[in-house]
Amino acid sequence: MKLKDAIEGQEYIIQQIETDDNDLNAFLFSLGCYSGEAITIISHLKDSYVVAIKDARYNIDDQLADAIVV
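Because the structure is predicted, anything quoted here is derived from the model rather than measured.

### Structural notes on the overall build of the chain
Right, on to step 1. A count of helical and extended segments in the chain gives two helices and six strands.
Right, on to step 2. The order of α-helices and β-strands along the chain, N terminus first, is β-β-α-β-β-β-α-β.
Right, on to step 3. In terms of C-alpha radius of gyration, the chain reaches 11 Å, essentially the compact-globule figure of 11 Å for 70 residues.
Right, on to step 4. With the C-alpha coordinates of the chain rotated into their principal frame, the extents come out at 30 × 25 × 20 Å.

### Section: the pairing of strand β3 (residues 38-45)
Right, on to step 1. In terms of strand pairing, strand β1 (residues 11-13) meets β3 through three bridges, oriented antiparallel. Pairing of I13 across the sheet is with A38, part of β3.
Right, on to step 2. Here β3 runs beside strand β4 (residues 48-53); their pairing, made up of five bridges, is antiparallel. Note that in β4 the partner of T40 across the bridge is A52.

### A few points about the side chain of E37
Right, on to step 1. Position of E37 among the secondary structure elements: in the loop between α1 (22-30) and β3.
Right, on to step 2. Buried E37, no salt bridge; nearest opposite-charge side chain is K54, N-O distance 4.0 Å.
Right, on to step 3. Each residue touching E37, except ones within four places of it in the same chain, is listed here: Y12, I13, I14, G32, I53 and K54.

### With respect to the pattern of salt bridges
Right, on to step 1. If you walk through the whole model with that rule in mind, you get two salt bridges.
Right, on to step 2. Here K2 makes a salt bridge to E18, at a shortest N to O gap of 2.8 Å. Of this pair, K2 sits in the segment before β1 while E18 sits in the loop between β2 (16-17) and α1, and the two are 16 residues apart along the sequence.
Right, on to step 3. Residues D62 and K4 are paired through a salt bridge, measuring 3.7 Å at the closest nitrogen-oxygen approach. Remark: K4 occurs in the segment before β1 and D62 occurs in helix α2 (residues 62-67); sequence separation between them is 58 residues.

Rules and cut-offs
- Residues numbered from 1 in each chain as written.
- Predicted model: local features only at pLDDT ≥ 70, side-chain atom pairs only at ≥ 80, totals over all residues.
- Heavy atoms only, no water.
- Helix = DSSP H or I, 4+ residues; strand = E, 2+ residues; numbered from the N terminus.
- Rg over C-alpha atoms; globule rule 2.2 N^0.38 Å.
- Pairing = 2+ DSSP bridges.
- Buried < 20%, exposed > 50% of the residue type's maximum accessible area, 1.4 Å probe, protein only.
- Lys, Arg positive; Asp, Glu negative; His and termini not counted.
- Salt bridge = Lys/Arg side-chain N within 4 Å of Asp/Glu carboxyl O.
- Contact = heavy atoms within 4.5 Å.

Below you can see the structure in the form of structure tokens.
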């Protein structure tokens, strides 16, 4: 399932990142977003997601959320 389909407040484990864009993949990796890492959606507003990864909160857009498979 894609991260954008996940339920707020529930912790998920990232299975993979589905993107052919190396810049996007490198950006997600710099946030600590890679296979095996835990991720939680804190809130979702239209095309924006606040996620928690490794005790940090990030705001990601719909494109990034669509690339993350949990």
